[in-house]
Amino acid sequence: MENVADCFLARPDLQQLFDALLARDYDVWGPVARDGSIVFESVESVDMLPVGLIDQQDPGAYRLQETGNERVFDWTNGPQALKPMVFRPEVTLWEVARDAAGGLRFREPARPAQKRAVVGVRACDLAALYIHDRHFLQGESPEPDYRAQRQRLFLVAVNCTRAGNQCFCASTGDGPQARYGYDLALTELEQGFLVHAHSDAGRELLSALPTRAATAAEVSDAEKSVRVAAEQQRALPSRDLRDALLERLDHPRWKETAERCLGCGNCTAVCPTCFCNQEMDQPSLDGGHSEHVRQWDSCFSPDHGYIHGLRLREDTAGQYRQWLTHKLATWHDQYGRSGCVGCGRCITWCPVGIDLVEEVQALLREDAHG
């Protein structure tokens, strides 16, 4: 296991991790069980964490079950990732107002960002954050709101020690172990946690915790647990599906899938890498002020492919094909990798249980090649 932790934090001392973050003025977010799923919310105590809960996920199904044990990170993921915290669902890009002389004054709004620590981040979500960083931060003009939120983020990753039915991160190379992009990483064992620091901020925080050196047996147990989590029932056939999918744009499977797809966009809402958006103006009633706003959008939206009287994707088959081929094929041209990190959220939160892995496998079957 890379980045082997050499510190052990006893289970009763987990609260001191939260206390140390709060003492450094972080707004601490962690997993909580709410409305039947695991979501990230502001927390101050380990008592708020989902102790003894696991998630059972299948196509179109999510439910929590009690185990009776004391583990707090035995779940795999919920509908959220880091996306809402950095690429926010709605952001004002600029404002315009009339001045005393009747002229217009444009200004960029202030972008305050509270220091935020997120405890419980999975490896697949760190991979998604890496993709967003490349999209929003690279180049001559980094996206200002994303940058403001991202710069004040402290991430405590948790290595997965079990896989859900929806998981296929091992086949995409994005899990189950966190390898980059975090400040601290935890691997949960029966009696506590192995802790590894990956940044200067993480090392500074780790020095304030009541840890001891991990034993060889504890390190071995952690390695075995992560290997077990890599034994997943779903797997994409390749990490680079670009050419194979683009050769099958007329495959009959697209229409077959469209007969089941509702076009609701749930898959794009829960996907940790999707970043389609729309912009609109929100004027005040008196005409003296207006805000130019960016909101999340989806390639399943009827207006997403609308250009000067022409709708490029008239039907659900075209919309689903656009989503899947962009995610798994043409992202390689933009980012040098697929846009899928294997979290499986699109499978679980699809109301009709469309399975992305199953769809890809069907498209690649030679006997079904149209």
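Structure: above.
Here goes a summary of the coordinates provided.

What counts, and at which threshold
- Numbers given for residues are sequential positions, taken from 1 along each chain in its written order.
- At least 70 in pLDDT is required for a residue's local features to be given in this predicted model, at least 80 for side-chain atom pairs to be given and counted, and no such filter applies to totals for whole chains, interfaces and linings, which use all residues.
- By convention in this description, side-chain values take in all heavy atoms of the structure and omit both hydrogens and water.
- For helices the rule is a DSSP run of H or I covering at least 4 residues; for strands it is a run of E covering at least 2, with both sets numbered from the N terminus onward.
- Put simply, the radius of gyration uses C-alpha atoms, and a globule should come to 2.2 Å times the residue count raised to 0.38.
- When accessible area is computed with a 1.4 Å probe and restricted to protein chains, residues below 20% of their type maximum are described as buried, those above 50% as exposed, and intermediate ones as partly exposed.
- Between any two strands, pairing holds if DSSP finds at least two bridges.
- The axes are straight lines fitted to the C-alpha atoms, using for helices just the contacting stretch, and the angles between their N-to-C directions are given from 0 to 180°.
- Ring pairs are drawn from Phe, Tyr and Trp, using the six-membered ring of Trp, whenever the two centres fall within 6.5 Å, and their geometry is named by plane angle: stacked under 30 degrees, edge-to-face over 60, tilted for the rest.
- Like-charged residues are merged into a patch within 9 Å and nonpolar side chains (Val, Leu, Ile, Met, Phe, Trp, Tyr) within 5 Å, provided each residue has over 30% relative accessible area and no salt bridge.
- To be clear on the numbers: accessible area is Shrake-Rupley with a 1.4 Å probe, and residue cover counts the displayed protein chains and nothing else.
- Salt bridge, as used here, is a side-chain nitrogen of Lys or Arg placed within 4 Å of a carboxyl oxygen of Asp or Glu.
- Throughout, a contact is declared for two residues whenever any of their heavy atoms are within 4.5 Å.
- Any pair of N or O atoms that falls within 3.5 Å is considered a polar contact. Within protein, one atom must be able to donate a hydrogen and the other to accept it, and sequence-neighbouring residues count only if both atoms are side-chain atoms.

### Description of the overall build of the protein chain
Scanning the protein chain for helices and strands turns up 13 helices and 16 strands. Relative to the globule expectation of 21 Å for 370 residues, the C-alpha radius of gyration of the protein chain, 22 Å, shows essentially globular dimensions. In terms of its C-alpha atoms, the protein chain occupies a principal-axis envelope of roughly 70 × 65 × 40 Å. Within the protein chain, the fraction of its 370 residues that count as buried is 51%.

### Side note on the sheet that holds strand β9 (residues 153-158)
Across a sheet, paired strands are connected by hydrogen bonds in the backbone, their directions being either parallel or antiparallel. The strand order across the open sheet formed by eight strands is β3-β2-β8-β9-β10-β11-β1-β12, and the pairing between neighbours is mixed. Edge strands, defined here as strands with exactly one partner in the open sheet, are β3 (37-42) and β12 (212-213). Two elements, strand β8 (residues 116-121) and β9, share five bridges in a ladder whose sense is parallel. Paired with Val-118 across the two strands is Leu-155, which belongs to β9.

### Topic: the sheet that holds strand β14 (residues 289-296)
With respect to topology, four strands assemble into an open sheet ordered β7-β6-β14-β13, the strand pairing being antiparallel. Strands at the two margins of the open sheet, each flanked by one partner only, are β7 (104-107) and β13 (277-283). With strand direction ignored, the average angle separating the axes of adjacent strands in the sheet is 20°. Strand direction decides the pairing type here: strand β6 (residues 90-98) and β14, joined by seven bridges, are antiparallel.

### Some words on the packing of aromatic side chains
Applying the stated criterion to the full structure yields 16 aromatic pairs. Their ring planes at 75° and their centres at 5.9 Å tell us that Tyr-130 and Tyr-180 sit as a pair that is edge-to-face. Placement of the pair is Tyr-130 in helix α3 (residues 123-137) and Tyr-180 in the loop between α5 (169-172) and β10 (184-188), with a sequence separation of 50 residues. According to the relative accessible area criterion, Tyr-130 is partly exposed, its value standing at 38%. You can call Tyr-180 partly exposed: its relative accessible area is 33%. Between Trp-254 and Tyr-320 the ring centres are 6.3 Å apart and the planes differ by 55°, which places this aromatic pair in the tilted class. One end of the pair, Trp-254, is in helix α9 (residues 253-258); the other, Tyr-320, is in helix α11 (residues 316-335), with 66 residues separating them in the sequence. Neither Trp-254 nor Tyr-320 differs from the other in exposure class; each is buried. Among the aromatic side chains, those forming a connected cluster through ring pairs are Phe-87, Phe-136, Tyr-146, Phe-275, Trp-296, Trp-331 and Tyr-335.

### Let's talk about a nonpolar patch on the surface
Taken together, Trp-94, Leu-104 and Phe-106 make up a surface patch of nonpolar side chains, about 330 Å² in accessible area. Judged by its relative accessible area of 32%, Trp-94 is partly exposed.

### Observations concerning helix α13 (residues 356-364)
Three or more residues of α13 are buried, namely Leu-356, Val-357, Glu-359, Val-360, Ala-362 and Leu-363. Looking at the buried residues of α13, the elements they touch are α8 (242-246), α9, α11 and α12 (345-348). At the N-terminal end of α13, a side-chain oxygen is found 2.9 Å from the backbone nitrogen of Val-357, two or three residues along, and the residue is Asp-355.

### A look at the pairing of strand β4 (residues 53-58)
In terms of burial, β4 is a largely internal element, five of the six residues being buried. Across six bridges, β4 lies against strand β5 (residues 61-66) in antiparallel orientation. In the sheet register, Asp-55 faces β5, and the bridge partner there is Leu-64. Hairpin connection from β4 to β5: two residues lie between these consecutive antiparallel strands, with Gly-60 at a positive phi of about 75°.

### Quick word on the pattern of salt bridges
This structure, assessed with the given rule, holds 26 salt bridges. A salt bridge links Glu-190 to Arg-71, with the shortest nitrogen-to-oxygen separation between them at 3.0 Å. Taken together, the residues span a long stretch of sequence, with Glu-190 in the loop between β10 and β11 (192-197) and Arg-71 in the loop between β5 and α2 (83-86) at a distance of 119 residues. Note that Arg-242 is salt-bridged to Asp-243, the shortest N-O span being 2.8 Å. Judged by relative accessible area, Asp-243 falls into the partly exposed class, the value being 48%.

### Let's talk about the side chain of Thr-268
Positionally, Thr-268 belongs in helix α10 (residues 266-270). Within the structure, Thr-268 has its side chain in polar contact with the side chain of Ser-298 (distance 2.9 Å).

### Some words on the environment of Ala-163
Residue position: Ala-163 is located in the loop between β9 and α5. In contact with Ala-163, other than residues within four places in its own chain, are Thr-76, Ala-229 and Gln-232.

### Regarding the side chain of Asp-174
Position of Asp-174 among the secondary structure elements: in the loop between α5 and β10. Within the structure, the side chain of Asp-174 is placed 2.8 Å from the side chain of Thr-172, a separation counted as a polar contact. The residues contacting Asp-174, other than those within four sequence positions of it, are Ala-123, Cys-124, Ala-127, Cys-169, Tyr-180, Arg-337, Cys-340 and Val-341.

Nothing here speaks to function; it is geometry throughout.
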